[in-house]
Amino acid sequence: MTTPADPADSAATALRAALAAGRVIAVVRAPRIPDAAELCAALAAGGIDRVELTFTTPEVTVHLRRAADAGHRIGVGTVLTADQADRAVDAGAGFLVTPGCRPEVAAAAERAAVPVVLGALTPTEVARAVDLGAAAVKIFPARAFGPGYFADLRGPYPDVPLVASGGVSAANAAAFLGHGALAVCAGSEVVPPSAVAAADWPDITRRARAFMAALPAQAPQGSWGRSRSGE
């Protein structure tokens, strides 16, 4: 008898595969987004098809819905509460991201069968995020310890998918990937708030293309099938 697949596990596996293939999440922190669908299209034209809006942007759920309705692979970050998680999922968010370990957000994500990337920094926090069911663990701020820290974390956690966030640039993204990060987050270098607010989509496409050109041609190989310690 075949056991039905858990929807939450299937969604987490799909997100890990997408991150391994694309390697970059564009994180948008802007006070104003004229058209979220056009923003996502501009990033996709430059090679970045995973976009994270954040709850620091006013009316972020409106922007989420507009982008999701246009068929873009959109998520939301800086999720701090279960209420925010529920509102994001209702608006079409395909994944959630937190700045730290947030048990109530993880529980809301599991109920909705939507993958969550939980934030962590220390080895203890990484283990906590894994135990809470994170599809991947965001190491933030990554610049605080540098690319070598990812190689250190891969020692005790060889099967935990890690995402580098905070201080990642075209100049160091390849190093983070080479030292064990599954993916990296691209922030203001790719999506500066001024360009977003001005709806300068050609500039954002150019920035995304330049960031992707700085990455190695081949995604690093790794084992990303496990989402909880001991499994």
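Structural data are supplied above this passage.
A brief structural summary. None of the values given here were measured: they were computed from a predicted structure.

1. Observations regarding helix α4 (residues 82-90)
Listed as buried for α4 are Ala-82, Gln-84, Ala-85 and Ala-88. Mapping the buried residues of α4 onto a view down its axis gives an arc of 160°, with all of them on the same face. The elements touched by buried residues of α4 are α3 (60-69), β3 (74-77), β4 (96-97) and α5 (103-112). Looking one or two places after α4, you find Gly-92, whose phi comes out positive at around 105°.

2. Overview of helix α6 (residues 123-131)
Buried residues of α6: Val-126, Ala-129 and Val-130, and no others. Within α6, the buried residues cover an arc of 100° as seen down the axis, which keeps them to one side. Buried positions along α6 lie against β5 (116-120), β6 (136-139) and α7 (148-154). Positive phi appears at Gly-133, one or two residues downstream of α6, with a value of about 95°.

3. A few points about the packing of aromatic side chains
One pass over the structure, following the stated rule, counts 2 aromatic pairs. A centroid spacing of 4.6 Å and a plane angle of 25° characterise the contact between Phe-145 and Tyr-149, whose relative ring orientation is stacked. On the accessibility criterion, Tyr-149 (13% relative accessible area) is buried. A centroid spacing of 5.4 Å and a plane angle of 80° characterise the contact between Phe-150 and Phe-176, whose relative ring orientation is edge-to-face. Of this pair, Phe-150 sits in helix α7 while Phe-176 sits in helix α8 (residues 173-178), placing them 26 residues apart in sequence. Note on Phe-176: relative accessible area 1%, which makes it buried. In this structure, Lys-138 packs its charged tip against the face of Phe-140, placed 5.2 Å from the ring centre.

4. Observations concerning the pairing of β6
Because side chains alternate across β6, one face comprises the buried residues Ala-136 and Lys-138, and the other comprises Val-137 and Ile-139, equally buried. Pairing between β5 and β6: 4 bridges, direction parallel. Residue pairing across strands places Leu-118 opposite Val-137, the latter belonging to β6. Assessed by its sense of winding, the connection that carries the chain from β5 through α6 to β6 is right-handed. As paired strands, β6 and strand β7 (residues 162-164) are joined by 3 bridges and run parallel to one another. What sits directly across from Val-137, in β7, is Leu-162. In terms of handedness, the path from β6 via α7 over to β7 forms a crossover that is right-handed.

5. Observations concerning the pattern of salt bridges
Tallying each qualifying case throughout the model produces 6 salt bridges. Beyond isolated ion pairs, a larger network of salt bridges with shared partners links Asp-49, Arg-50 and Arg-73.

6. Here we look at the state of the cysteines
Enumeration over the complete set of coordinates arrives at 0 disulfides. No disulfide involves Cys-101; its sulfur sits 15 Å from the nearest other cysteine sulfur, which is in Cys-185. Between Cys-185, a cysteine without a disulfide, and Cys-40, which holds the nearest cysteine sulfur, the sulfur-to-sulfur distance is 15 Å. Classification of Cys-185 as buried rests on a relative accessible area of 6%.

Conventions adopted
- Residues numbered from 1 in each chain as written.
- Predicted model: local features only at pLDDT ≥ 70, side-chain atom pairs only at ≥ 80, totals over all residues.
- Heavy atoms only, no water.
- Buried < 20%, exposed > 50% of the residue type's maximum accessible area, 1.4 Å probe, protein only.
- Helix = DSSP H or I, 4+ residues; strand = E, 2+ residues; numbered from the N terminus.
- Arc of directions from axis to C-beta.
- Contact = heavy atoms within 4.5 Å.
- Phe/Tyr/Trp six-rings, centres within 6.5 Å; stacked < 30°, edge-to-face > 60°.
- Lys NZ or Arg CZ within 6 Å of the ring centre and 35° of its normal.
- Pairing = 2+ DSSP bridges.
- Right-handed = clockwise from strand over helix to strand, strands pointing away.
- Salt bridge = Lys/Arg side-chain N within 4 Å of Asp/Glu carboxyl O.
- Disulfide = S-S within 2.5 Å.

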